[in-house]
Amino acid sequence: MDGIFNIYKEKGFTSHDVVAVVRRTIHMKKVGHTGTLDPDAEGVLPVCVGKATKLSDVIMDGRKSYRAMLRLGITTTTEDASGEVLETKPVDFNEEKIREVVASFIGRLEQVPPMYSAVKVNGKKLYELAREGKEIERKSRTIEVYDIRIRQFLPPDRVEMDVDCSKGTYIRTLCADIGKALGCGGHMAALLRTATGAFSLENSIRLSELKELAEQERAEEALLTMEEALKDFPVVKVAKSSTKLLYNGGKIWEKFFEQKPTSLQVGEIVAVYDFENNLVGLYEIKQEEDFFIKPFKMLIKE
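In this report, we go over the structure that sits alongside the text. Note on numbering: residues in each chain are counted from 1, in written sequence order. With the structure being a predicted model, the display of local features is reserved for residues of pLDDT at least 70 and the display and counting of side-chain atom pairs for 80 or more, all residues being used for whole-chain, interface and lining totals. Excluded from the side-chain calculations are hydrogens and water; all other atoms, namely the structure's heavy atoms, are used.

**So, unusual backbone geometry**
As a reminder of what qualifies: Each helix corresponds to a stretch of at least 4 residues labelled H or I by DSSP, and each strand to a stretch of at least 2 residues labelled E; elements are numbered beginning at the N terminus. Throughout this description, buried means an accessible area under 20% of the type-specific maximum (1.4 Å probe, protein chains only), exposed means over 50%, and partly exposed covers the range between.
Residue Pro156 is bonded to the preceding Pro155 through a cis peptide linkage, with omega at 15°. Within the element layout of this structure, Pro156 appears in the loop between strand E10 (141-154) and strand E11 (158-165). One non-glycine residue, Glu79, lies in the positive phi region at around 70°. With respect to the helices and strands, the residue Glu79 is situated in the loop between strand E5 (74-76) and strand E6 (85-88). For Glu79, a relative accessible area of 17% gives the class buried. We note that Glu217 has phi near 55°; this positive angle belongs to a residue other than glycine.

Structure, rendered in structure tokens:
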């Protein structure tokens, strides 16, 4: 069984809990998730199985979309509703001002990871230090917020918004920073991940549904293929004459491409197929005198 289950993670489960349940349900050891969701958060959590575990980091690198509830006026230790209240301030619920401030967070930003996070500093996770009552200086990270759309204003203190962002973005930190910019503080009251890469809520499945399918020996029906996971990547199809070289991980020159993107860009990652349309792996485009591809992540070997 090789592919990806698009699991809808429910509240109360950690991402590791989800992996453990999937592992037990399908009786396979080679299972891994594609990016942590906090226990209180819900939504899309692709879980890779078999050879597809090689794609975990690729899926993790994809664009993310969230629906978040920002609650203004209350600052917490964890930047979400699970933390202790640090400060409470009155809220001036001016919709025009809120729109203006929220819009200022669209673009490339420097974001400092929260203390309650899995980021490691000197080999220790930040949340472990936070639980010991320690707070240390953290380096900021460059992230990108592609768009923020306010869905609804909910006076006296809540704003529901949809956020499209790069990997590594902490939505609770974004909420806290928006609250800070408004002068009243704030935290993330709820979070739903609506999409990650090619995976969205529409084709997600709950653990209970997967268990039902597994009991009927139909779990594979919920498995999305590696091809589907890579559908947003440019495609290169290699001629039959280069099959042996392709499967041995050799470099393949452009003259052996039967199909290729309109323009080739050095450093771009492409999904590579053999002449029979079998997915071989992800390759990187390189150039000497001519363009060629070299393996980035082979998907045909264990």
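Moving on from the model shown.
**What about the state of the cysteines?**
Note on terminology: disulfide describes a covalent bond linking the sulfur atoms of two cysteines. Spelled out, the test is: For this text, the term disulfide refers to a pair of cysteine sulfurs within 2.5 Å.
Applying the stated criterion to the full structure yields zero disulfides. The thiol of Cys165 is not disulfide-bonded; the next cysteine sulfur, from Cys175, is found 11 Å away.

**Notes on helix H5 (residues 171-181)**
Put simply, the rule reads: Between two residues, a contact is recorded if the distance between any of their heavy atoms is within 4.5 Å.
H5 sits mainly inside the fold: eight of its 11 residues count as buried. The secondary structure elements touched by the buried residues of H5 are strand E4 (64-72), helix H3 (95-103), strand E7 (107-111), E10, E11 and strand E12 (186-196). Gly183 sits one or two residues past H5 and shows a positive phi near 85°.

**Quick word on the sheet that holds strand E17 (residues 257-259)**
Formally: Between any two strands, pairing holds if DSSP finds at least two bridges.
With mixed pairing, six strands are arranged side by side in an open sheet as E16-E20-E19-E18-E15-E17. Of all the strands in the sheet, just strand E16 (252-253) and E17 have a single pairing partner and so form its edges. Of the strand pairs in this sheet, strand E15 (residues 235-238) and E17 are connected by two bridges, and their pairing is antiparallel. Residue pairing for E17: Lys237 is matched across the bridge by Gln259.

**Structural notes on the pattern of salt bridges**
Cut-off, in case you're wondering: A pairing counts as a salt bridge when a side-chain nitrogen of Lys or Arg comes within 4 Å of a carboxyl oxygen of Asp or Glu.
In this structure the tally under the stated criterion is 17 salt bridges. Across the salt bridge formed by Glu284 and Lys286, the nearest N and O atoms sit 4.0 Å from each other. The partly exposed category is assigned to Glu284, whose relative accessible area is 24%. Overall, the relative accessible area of 30% leaves Lys286 in the partly exposed class.

**Details of the nonpolar core**
Heads up, the condition is: Nonpolar cores were defined as sets of buried Ala, Val, Leu, Ile, Met, Phe, Trp, Tyr and Cys residues, with membership established by side-chain atoms within 4.5 Å.
Formed by 29 residues in total, the largest nonpolar core has its most connected members in Leu72, Ile98, Ile148, Val159, Val163, Ile171 and Ile178. Mapped onto this core, the elements with two or more residues apiece are E4, H3, E10, E11, H5 and E12. Counting residues per element, this core draws most heavily on E10, which supplies five residues. In terms of nonpolar packing, the next biggest core, distinct from the first, is built from 19 residues, Val47, Leu207, Ala219 and Ala222 among them.

**Looking at H3**
Under the convention used in this document: By construction, the arc corresponds to the directions joining the helix axis to the C-beta atoms. Residues adjacent in sequence count toward polar contacts only when both atoms are side-chain atoms; beyond that, a polar contact is any pair of N or O atoms within 3.5 Å, and within protein one must be able to donate a hydrogen and the other to accept it.
Of the residues making up H3, those classed as buried are Ile98, Val101 and Val102. The buried residues of H3 all sit within an arc of 100° when viewed along its axis, so they share a single face. Seen from the open side of H3, the exposed residues pointing more than 90 degrees away from its buried face are Glu96 and Glu100. Residues of H3 that are buried sit in contact with E4, E10, E11 and H5. The N-cap residue of H3 is Asn94: its side-chain oxygen and the backbone nitrogen of Glu96 are 3.1 Å apart.

**Digging into the environment of Glu202**
With respect to the secondary-structure elements, Glu202 resides in the loop between strand E13 (199-200) and helix H6 (207-215). The spatial distance from the C-alpha of Glu202 to the C-alpha of Tyr8 is 9.9 Å, given a sequence separation of 194 residues. Of the polar contacts made by the side chain of Glu202, one reaches the side chain of Ser200; its length is 2.9 Å.

**Details of the packing of aromatic side chains**
Note the following rule: Planes of paired rings set the category: under 30 degrees apart is stacked, over 60 is edge-to-face and the rest tilted, where pairs are Phe, Tyr or Trp rings (Trp by its six-membered ring) whose centres lie within 6.5 Å. A positively charged side chain is recorded as over a ring if its NZ (Lys) or CZ (Arg) lies within 6 Å of the ring centre. The angle to the ring normal must also be within 35 degrees.
Taken as a whole, this structure holds two aromatic pairs when the rule is applied. Across from the ring centre of Phe296, 5.8 Å away, lies the NZ or CZ of Lys297, which sits over that ring.

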